[in-house]
Structure formats: structure tokens, C-alpha cells
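These are the residues of each chain, in order.
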There are 2 protein chains.
Amino acid sequence: MTTADTIERTLSRRGYRLTSPRRTVLDTMRGLGNHFTAEEVQHASPEVGRATVFRTMKLMRELGVICQVVLDDGTAVYQLADEDRADHHHHVICTECGRVTEFASDGLEGELERVADETGFEIDTHRLELYGRCASCNS
Amino acid sequence: MTTADTIERTLSRRGYRLTSPRRTVLDTMRGLGNHFTAEEVQHASPEVGRATVFRTMKLMRELGVICQVVLDDGTAVYQLADEDRADHHHHVICTECGRVTEFASDGLEGELERVADETGFEIDTHRLELYGRCASCNS
DNA sequence: GAACGCCTTGATACTACGTATCGATACCCA
DNA sequence: TGGGTATCGATACGTAGTATCAAGGCGTTC
């Protein structure tokens, strides 16, 4: 999980400030645990204006501090990014409890190449999401 | 692309009817080409009620006639499914023109097994979306 | 410390996307 | 002919997120 110091440095490098509302939203997201919706963040930080909650979440997404996970039904859930996986990663989502776990994808390059060949596309990025049941929901 | 006859059979097998509004929505989607949003379908079939447009699109999604594609920014786009790929497939999306192409994934099982091992999840389904530039946008 | 400029904020309105409700119709089958 | 179910459109509602805008905060420079 990215520390406040790291985030503050990233922000100021881009000309942004770590203000009190932003800090509140960040702390709220930390307090919400593994995954959370925009609505939950709003409800859990009532002292921050709705627009500011969304603005902050958008900003954090751009900075890679949180990442968006699209559930099977198309709704969006968010998650604090692991600091050591801030780069490129994917998600396994428990369809029972909603738990989200990250993983790095290394074995995908071959598949991407094959699809590029087959379709004529030049592939830039990809998104892979797995759905299933986590260890504790499974037992 | 699935024919009206095939769709009608699928519907009636499930106790549904291929009514005139449904046919209109289907034709509209065909007319919109490779990919379309819910809004485009609505605007292009003004004689059909808004609720019916959504209901029909939901039904067609359940029947596998159309499939939902989540774009990089989280918005949803829809596409008529290839008849021969109605089962399980993924999408390559051109970030320039929006063109969506389907492909079947065969080389993913190993990766899925590895992630299951690593995370303790039991994987049921997955969603893979590739983003890039299609052949014509690339030239 | 005054002035300036930019970042930020909260309130509000707005849009997109989709679902729930409901009374009215249409169709099928006995 | 009559009942039952599927379907319809209108409308209201809910959620997620963006746009606008006036007001406030903070740093820099003079």
C-alpha cells in the first residue's frame, strides 16, 4: 500500500497538493479495506463534498494509487494498488464476498502476439479479470 | 452474425416472442455496424420506448446475441456476437476508431491455473480485453 | 504585506445508463 | 369467448460520474 509520503511526493511533482479533503478520502479508502465502491467512499467521508470525492478518486486513479476493477455485471469497484505492483497487473475477484486480489501476468505475451497476428491489431494494453471463489469462501 | 430465424427459435424455446419492437431494436443494432452504445440504439429507434430498448438489449445479452465490451475507461459498448463464437470469446478494441473484433482464447488455461495456485481462488470465468490500433487505423 | 495566479473546494445541476412500477395491450391456447 | 402470460410505453427512480461556478486557500513575487 502506498504511503502518504509517497503520494504527496507524486502529487507535488505534478503540481498538485495533498490537501485535507484529499487526505480524508485517502484515509477513508484505506479504512474500507480490500475493495470499495465510489458510493462507500462518499458515505464514509460525509465531511467531504461529493464532487471532491470523485475528483480525488479520479486523481488517485491517474496516479496509479487506486485501480478500477470492473465486475462481471459491469459495475466498478476500486482498490488500493499494491505499491510493488503499481505497474501492470490484473485482478481475481471473488463473486461471493467481492474480495479482490492482484496478480502479475507474465504468461500472456504469446497469446497477445497470436491475437495481433490473427486480427491485424497492434496491441498496446490489455485487461484481464478472473472471477471465482476465494479460498475462504470456498471452504 | 445471428440470423432473425435463429434468434426467433432461441426466444420461443425460452417462452419469449419476437415482437415488432424487438425486431426493430435488432435491426437497429445490425444497422449500427460493428459496435454501438445503448444511447445510439435508443436514438436510432425512436419509435420504440426507452425501457423496451434496454429490456431488449438485456434479453439479447442473456441469449448471447450481443455481448458487452468494457472500454479502457470503464464505459460499456455492445456488439453483435459472431454466431460461430457465441460461446466464450474476448475482444480486441481499437482505441482510435472503436472497432471491436472478437477472438477465441485457447492459450489461457495455463495462466489461469497458475493464478489459481498462487491466489487460492477457484476460477470460474474470466474476461480479457485487448486495446490497440486496428489494421486500417495503423496505416 | 498586497497583489496575483493557480489549485482546490462544495453546492448544484446535469448527463448517461439502467431498473422498477404500473396500467394498458397483444397474443396464445383452451 | 375468455383467461393467462408476455410485452409494451410512460414515468419515476437510482446510481455513477462530470460540468459549472462562485468562493476560498496557498505560494510567489513585487
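Details of the structure are given in the entry above.
Computed from a predicted model, the values in this text were never measured in an experiment.

*Asks:* Could you clarify how one ought to interpret the side chain of Thr119(A) in this entry?
*Replies:* With respect to the helices and strands, the residue Thr119(A) is situated in helix H5 (residues 109–119). Among the polar contacts listed, one links the side chain of Thr119(A) to the backbone oxygen of Val115(A), at a separation of 2.7 Å.

*Asks:* What is the right way to read the relation of the copies chain B and chain A from this model?
*Replies:* Put simply, the two copies of the chain differ by a rotation about an axis and a shift along that axis. With an RMSD of 0.2 Å, chain B superimposes on chain A once it is rotated by 179° and translated 0.0 Å along the axis. Such values leave the two copies arranged in the relation of a two-fold axis. The C-alpha atom lying nearest the rotation axis in chain B is that of Leu128(B); the distance is 2.2 Å. With an isologous cut-off of 70% or more, the 95% of interface residues of chain B that recur at the interface of chain A puts this contact in the isologous class.

*Asks:* Can you help me understand the protein's contact with DNA strand D in this one?
*Replies:* Not every one of the 21 residues close to DNA strand D is listed here, only the nearest: Arg50(A), Arg17(B), Thr19(B), Arg22(B) and Thr52(B). Here the atoms of DNA strand D within 4 Å of the protein split so that 58% fall in sugar or phosphate, with bases taking the remainder. Residue Arg17(B) places a main-chain N or O atom 2.5 Å away from a phosphate oxygen belonging to DNA strand D. Arg55(B) places a side-chain nitrogen or oxygen 2.8 Å from a base nitrogen of DNA strand D. Listing elements by their share of the surface near DNA strand D, those giving two or more residues are helix H3 (38–44) and helix H4 (50–63) of chain A together with helix H2 (20–31) and helix H4 (50–63) of chain B. In the surface near DNA strand D, the residues fall into 8 nonpolar, 4 polar and 9 charged.

Analysis parameters
- Residue indices follow the written sequence of each chain, beginning from 1 at its first position.
- Each chain gets a letter, beginning with A, and each ligand a number, beginning with 1, in the order they are written.
- Note on the predicted model: pLDDT of at least 70 is required for a residue's local features to be given, and 80 or more for side-chain atom pairs to be given and counted; whole-chain, interface and lining totals, by contrast, use all residues.
- Values reported for side chains reflect all heavy atoms of the structure, with hydrogen atoms and water molecules removed beforehand.
- Runs of H or I in DSSP of at least four residues are treated as helices and runs of E of at least two as strands, each being numbered from the N terminus.
- We call two N or O atoms a polar contact when they sit within 3.5 Å, provided that within protein one can donate a hydrogen and the other can accept it, with sequence-adjacent residues counted only if both atoms are side-chain atoms.
- A least-squares fit on C-alpha atoms brings the copies together, and the residues used are those whose pLDDT is at least 70 in both copies.
- Two residues qualify as a contact provided that any one of their heavy atoms is within 4.5 Å of a heavy atom in the partner residue.
- Proximity criterion: a residue is near a molecule or strand once any of its heavy atoms comes within 4 Å of it.
- We call Asp, Glu, Lys and Arg charged. Ala, Val, Leu, Ile, Met, Phe, Trp, Tyr, Cys and Pro are nonpolar, and the rest, Gly among them, are polar.

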